[in-house]
Amino acid sequence: MKLTQIASSLALAGTMTFAGSLAAEELLADFHVEMNGGCESCHVNDGVPSEDFVVENEQCASCHGAADELEGEHHAIHAEVLMCSDCHNPHELNVGQKPSCDNCHDDGRSAP
Ligand code: HEC
Ligand code: HEC
Ligand code: HEC
Ligand code: HEC
């Protein structure tokens, strides 16, 4: 992504904090659409979803950092085995909703 886009999405993110807290029921995808200007921010091929969602997940990492750079050991642990959207499906989770471990582990573990 271009630096100007990063700068404008970061500037918008600052102004979104208040609106975001009012719209807690908003899907993560819609939140990103409004913040960054469209479906294309993740579906970089003119807004059309890819077959395997690899390019979409590369966009997550290009803005937020790769799994081994993010805070929380649950990120680094899964760096080789999962994509961001395996846990943070942006069309299923709302803003502020934490991904659950139960979808894949059945021993009651949770993020530290
Ligand atoms: C924050 C990034 C992001 C944004 C913004 C986003 N999407 Fe997605 N979208 C994804 C990811 C990641 C998946 C794959 C989810 C999964 O693993 O099932 C997906 C899946 C989809 C799918 C399902 C495709 C399939 O083959 O199952 C459709 C349709 C879709 N998105 C449409 C849209 C539209 C339309 C918009 C804009 C209104 C949008 N998306 C905005 C990340 C995003
Ligand atoms: C194993 C599931 C899992 C995977 C895979 C995962 N995350 Fe997370 N992520 C979580 C959980 C759980 C939290 C909440 C942790 C907490 O608040 O202590 C979180 C928190 C976050 C946050 C902070 C959200 C907030 O509430 O401020 C961001 C940003 C984030 N993840 C981005 C990513 C990106 C980008 C990727 C892919 C490189 C990724 N995550 C992969 C589970 C996952
Ligand atoms: C164009 C840059 C960009 C892309 C691409 C992007 N994000 Fe974000 N995302 C942001 C910004 C900016 C925020 C708001 C500030 C923050 O919370 O870090 C945010 C917020 C979030 C949050 C925290 C929302 C909350 O609960 O408060 C999560 C989780 C997240 N993004 C995950 C993802 C995932 C997963 C993907 C890929 C499917 C993705 N992002 C793609 C820029 C991006
Ligand atoms: C989308 C599926 C999925 C989710 C959700 C998920 N994991 Fe995992 N996790 C895996 C896979 C796949 C592995 C690697 C195979 C294995 O070792 O079981 C793994 C391995 C691990 C490991 C290392 C091996 C072990 O079992 O101790 C830890 C620790 C772990 N996950 C913790 C978590 C935590 C904490 C969460 C919730 C924040 C979580 N996982 C959510 C799929 C998932």
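Keep in mind the model is a prediction, meaning the values are calculated, not measured.

Novice: How should the overall build of the chain be read in this particular structure?
Specialist: In terms of regular secondary structure, the chain is built from 5 helices and 0 strands. In the chain, the order of α-helices and β-strands from amino to carboxyl end is α-α-α-α-α. Split into buried and exposed, the 112 residues of the chain put 4% on the buried side. Taking all contacts inside the chain whose residues are at least 6 apart in sequence as the whole, residues at least 24 apart take part in 51%.

Novice: Help me understand the site of ligand 2, please; the structure alone is not making it clear to me.
Specialist: Lining the immediate environment of ligand 2, one finds 18 residues, of which Cys60, His64, Cys84, Cys87 and Ala111 sit closest. Grouping the amino acids of the shell around ligand 2 by side-chain chemistry returns 10 nonpolar, 6 polar and 2 charged.

Novice: Would you explain unusual backbone geometry in this entry?
Specialist: Phi is mostly negative for residues that are not glycine, and the peptide bonds are mostly trans. With a phi close to 55 degrees, Asp46 is a non-glycine residue in the positive phi region. Tracing the backbone shows Asp46 in the loop between helix 2 (28-36) and helix 3 (54-64). Taking the C-beta count within 10 Å as the criterion, Asp46 has 8 such neighbours and is therefore assigned exposed. One non-glycine residue, Phe53, adopts positive backbone phi at about 65 degrees. Along the chain, Phe53 falls in the loop between helix 2 and helix 3. By the C-beta count within 10 Å, which is 16 here, Phe53 ends up partly exposed.

Novice: Just checking my understanding: could you explain the environment of Glu40 for this structure?
Specialist: Within the fold, Glu40 resides in the loop between helix 2 and helix 3. Taking the C-beta count within 10 Å as the criterion, Glu40 has 14 such neighbours and is therefore assigned partly exposed. Glu40 sits 16 residues away from Glu56 along the chain, and the two C-alpha atoms are 9.3 Å apart. Every residue in contact with Glu40, bar those within four places of it in the chain, is listed here: Asp46 and Gly47.

Novice: Could you clarify how one ought to interpret the confidence of the model for the chain in this entry?
Specialist: Detail in the predicted coordinates should be disregarded across regions flagged by low pLDDT. Averaged over every residue, the pLDDT of the chain is 84; residues scoring 70 or more account for 79%. Confidence scores differ between elements of the chain, with helix 1 (residues 3-22) showing the lowest mean pLDDT of 45 and helix 5 (residues 84-87) the highest of 98. Predicted confidence is poor over residues 1-22, with pLDDT under 50, and the contacts of this stretch with residues over four places away or in other chains come to 9 contacts.

What counts as what
Residues numbered from 1 in each chain as written. Chains lettered and ligands numbered in written order. Predicted model: local features only at pLDDT ≥ 70, side-chain atom pairs only at ≥ 80, totals over all residues. Helix = DSSP H or I, 4+ residues; strand = E, 2+ residues; numbered from the N terminus. Buried ≥ 20, exposed ≤ 12 C-beta atoms within 10 Å, placed from the backbone. Contact = placed C-beta atoms within 7 Å. Near = placed C-beta within 6 Å. Nonpolar A, V, L, I, M, F, W, Y, C, P; charged D, E, K, R; others polar. pLDDT = per-residue confidence, 0-100.

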